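# Architecture at a glance
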Amino acid sequence: MMNNSPLQLIKHSAFVQQKLMVYIKRDDLLHPIISGNKWRKLKYNLIHAKKNNKTNILSFGGAYSNHIHALAFACYQQGLASIGIIRGEPHYANNFTLSWAQHWGIKLVFVDRKTYKKRHHPDYLQQLQIQFPNSFIVPEGGSNTLALRGMSEVIDELNQQLEFDSLLCPVGSGGTLAGLVLGDAEQHNIIGVGVLKQGADNQDYLKNEVKALLPNRAKNYKNWHIENEMHRGGYAKFSVLDEKRILDFSNTTNIPFEPVYSGKMLLALLDLVEQGYFPAGHKIVMLHTGGLQGLGGLAERKLINAQQWHIPQQVPRT
Ligand SMILES: Cc1ncc(COP(=O)(O)O)c(C=O)c1O
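First, a word on scope: everything that follows refers to the structure included in this document. These figures come from a predicted structure and were not determined experimentally. Here, residues in each chain are numbered from 1, in the same order as that chain's written sequence. Only residues with pLDDT of at least 70 are given local features in this predicted model, and only at 80 or more are side-chain atom pairs given and counted; all residues enter the totals for whole chains, interfaces and linings. Excluded from the side-chain calculation are hydrogens and water; included are all heavy atoms of the structure.

## What to know about the environment of Phe278
Strands are runs of DSSP state E lasting at least two residues, helices are runs of H or I lasting at least four, and both sets are numbered from the N terminus onward. Here Phe278 lies in the loop between helix 12 (262-274) and strand 10 (283-287). In this structure the C-alpha to C-alpha distance between Phe278 and Lys207, which are 71 residues apart in sequence, comes to 22 Å. For Phe278, the residues in contact, after removing those within four places along its chain, are Leu20, Ser166, Leu168, Ile191, Leu269, Leu272, Val273 and Ile284. The criterion used for residue contact is that any of the two residues' heavy atoms lie within 4.5 Å.

Set out below in structure tokens:
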């Protein structure tokens, strides 16, 4: 496990033309499996669970969840048992993401959409607590107060690495952005890129999710916003042109992206740069949140061409 992730200057004509300095914080390199925001968000959750003598971590996710994949490996490494409540049918157990998660020992429980919707309800959580005693329950995407602490450490590292103006990250459940906003304490301009259509349908949806995670002292920070119109059709949706733009950028810079989170952040940045959003001389940092394992599931479903993308190798159990 790498302690601090490297910060890399990106050489690309799109940025040179606009006289911008664009950097990428390579959290995807933190660890081959528990990479990106997953490691940051899980770190204090695992410490807390162990300190409180919990033997299991239980959490929630979709059938291709980066969070469930990382949770399984992190718990395996830390000697904790893991349980994943998965939205969907049991046949998903054989897909790329979940077969690896099971390889690292996670117990999967498949639930229908109606049941999955109850994932934040206290009564349902209490029922799960009884069904799986001695579990520490972590919400979907790992987004809770403990996750914010881990995410905010990105800002501490960045402040040691560079003086910069703007920071970009993708937004799904909101914990990543909330942690950055909290740690930043109004030093920089922070831009979240919404990857869900829900964010465009209801402009306050993602903002409210982020605010709900922030402690009172940070709820009125004004230095951040979410770009809601750059989701490219909805969660895990993207066009052939989007795919091509991401791949071209990856091939030019040698930086791996995937089209669900980091790729959408990249496309948003390229579009904002083209629109002249950033003044000349501006220093911008993209946070690479990892999630490259997701390419395995996209290739399996033939949503991408496997030969063109770098699908990461998985690490066997022993
Ligand atoms: C790779 C990756 N990047 C970004 C995000 C978005 O983070 P958050 O859910 O904290 O908004 C997620 C997932 O949730 C993710 O898996």
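## Here we look at the site of the ligand
Around the ligand, a shell composed of 16 residues is seen, among which Lys41, Gly172, Ser173, Thr176 and Thr289 lie nearest. In protein, a polar contact requires one atom able to donate a hydrogen and another able to accept it; more generally it is a pair of N or O atoms within 3.5 Å, and residues adjacent in sequence count only if both atoms are side-chain atoms. Lys41 is positioned with one of its side-chain polar atoms (N or O) 2.6 Å from an oxygen atom of the ligand. Here an oxygen atom of the ligand and a backbone polar atom of Gly174 are 2.7 Å apart. For the ligand, the accessible surface in isolation is 380 Å², of which the surrounding protein chains cover 97%. Broken down by secondary-structure element, the contributors of at least two residues to the shell around the ligand are helix 2 (37-51), strand 7 (166-171) and helix 8 (175-184). Working definition: residue near molecule or strand if any one of its non-hydrogen atoms lies within 4 Å of it. Here the accessible surface of atoms and residues is derived via Shrake-Rupley with a 1.4 Å probe, and residues count as covered only by protein chains that are part of the display.

## Section: the sheet that holds strand 7
Two strands are said to pair when DSSP picks up at least two bridges between them. Here six strands make up an open sheet; going across it, the order is 1-2-10-7-8-9 and the pairing mixed. A strand with exactly one partner marks an edge of an open sheet, and here the two such strands are strand 1 (7-9) and strand 9 (224-227). With strand direction ignored, the average angle separating the axes of adjacent strands in the sheet is 25°. Relative to strand 2 (residues 21-25), strand 1 runs antiparallel, the two being bridged by three bridges. Looking at the pairing, Gln8 lines up with Ile24 of strand 2. The sheet strands contacting helix 7 (residues 145-161) are strand 1, strand 2, strand 7 and strand 10, and the helix crosses strand 2 at an angle near 135°. Axis definition: a line fitted to C-alpha atoms, limited for helices to the stretch in contact. Angles are taken between N-to-C directions and run from 0 to 180 degrees.

## As for the packing of aromatic side chains
Geometry of an aromatic ring pair is reported as the spacing of the ring centres plus the angle between the planes. Two rings from Phe, Tyr or Trp (for Trp, the six-membered ring) form a pair when their centres sit within 6.5 Å of each other. Planes less than 30 degrees apart are called stacked, planes more than 60 degrees apart edge-to-face, and all others tilted. If you walk through the whole model with that rule in mind, you get nine aromatic pairs. Taking the centre distance of 6.1 Å and the plane angle of 75° together, the rings of Tyr64 and Tyr92 count as edge-to-face. With a gap of 28 residues between them, Tyr64 in the loop between strand 3 (56-61) and helix 3 (66-78) and Tyr92 in the loop between strand 4 (81-87) and helix 4 (96-103) connect regions that are remote in the sequence. Note on exposure labels: buried denotes an accessible area under 20% of the residue type's maximum, exposed denotes more than 50%, and partly exposed covers the range between, all computed with a 1.4 Å probe on protein chains only. Residue Tyr64 is classed as partly exposed on the basis of its relative accessible area of 21%. Its relative accessible area of 21% is what places Tyr92 among the partly exposed residues. Their ring planes at 65° and their centres at 5.9 Å tell us that Tyr235 and Tyr261 sit as a pair that is edge-to-face. Of this pair, Tyr235 sits in the loop between strand 9 and helix 11 (240-253) while Tyr261 sits in the loop between helix 11 and helix 12, and the two are 26 residues apart along the sequence.

## Thoughts on the pairing of strand 7
Burial analysis of strand 7 places six of its six residues in the buried class, which makes it a mostly covered element. Across six bridges, strand 7 lies against strand 8 (residues 189-194) in parallel orientation. Bridging across to strand 8, Leu168 finds its partner in Ile191. With helix 8 bridging strand 7 and the parallel strand 8, this β-α-β connection has right-handed handedness. Classification remark: right-handed applies to a crossover when, strands pointing away from the viewer, the course from the first strand over the helix to the second runs clockwise.

## Examining the packing of helix 7 against helix 8
At a minimum axis distance of 7 Å, the contact between helix 7 and helix 8 shows a crossing angle of 60°. Relative to helix 8, helix 7 is oriented oblique. The element helix 7 and its partner helix 8 pack so that their crossing is right-handed. Counted together, Leu148, Met151, Ser152, Val154 and Ile155 of helix 7 and Gly175, Thr176, Ala178, Gly179, Leu180, Leu182, Gly183 and Asp184 of helix 8 form the full contact between these two elements. Polar here means any residue other than Ala, Val, Leu, Ile, Met, Phe, Trp, Tyr, Cys and Pro, which are nonpolar, and Asp, Glu, Lys and Arg, which are charged; Gly is therefore polar. Residues that form the contact of helix 7 with helix 8 fall into these classes: seven nonpolar, five polar and one charged. Angles are sorted into four bins: roughly parallel if under 35 degrees, roughly antiparallel if over 145, roughly perpendicular if 65 to 115, and oblique for all others. Take the far helix as the reference: if the near one is turned anticlockwise from it by less than a right angle, the crossing is left-handed, and if turned clockwise, right-handed.

## Focus: unusual backbone geometry
Phi at Asn134 is positive, roughly 65°, even though this residue is not glycine. Positionally, Asn134 belongs in the loop between helix 6 (122-131) and strand 6 (135-137). At Arg232, a residue that is not glycine, the phi angle is positive and equals roughly 65°. Within the element layout of this structure, Arg232 appears in the loop between strand 9 and helix 11.

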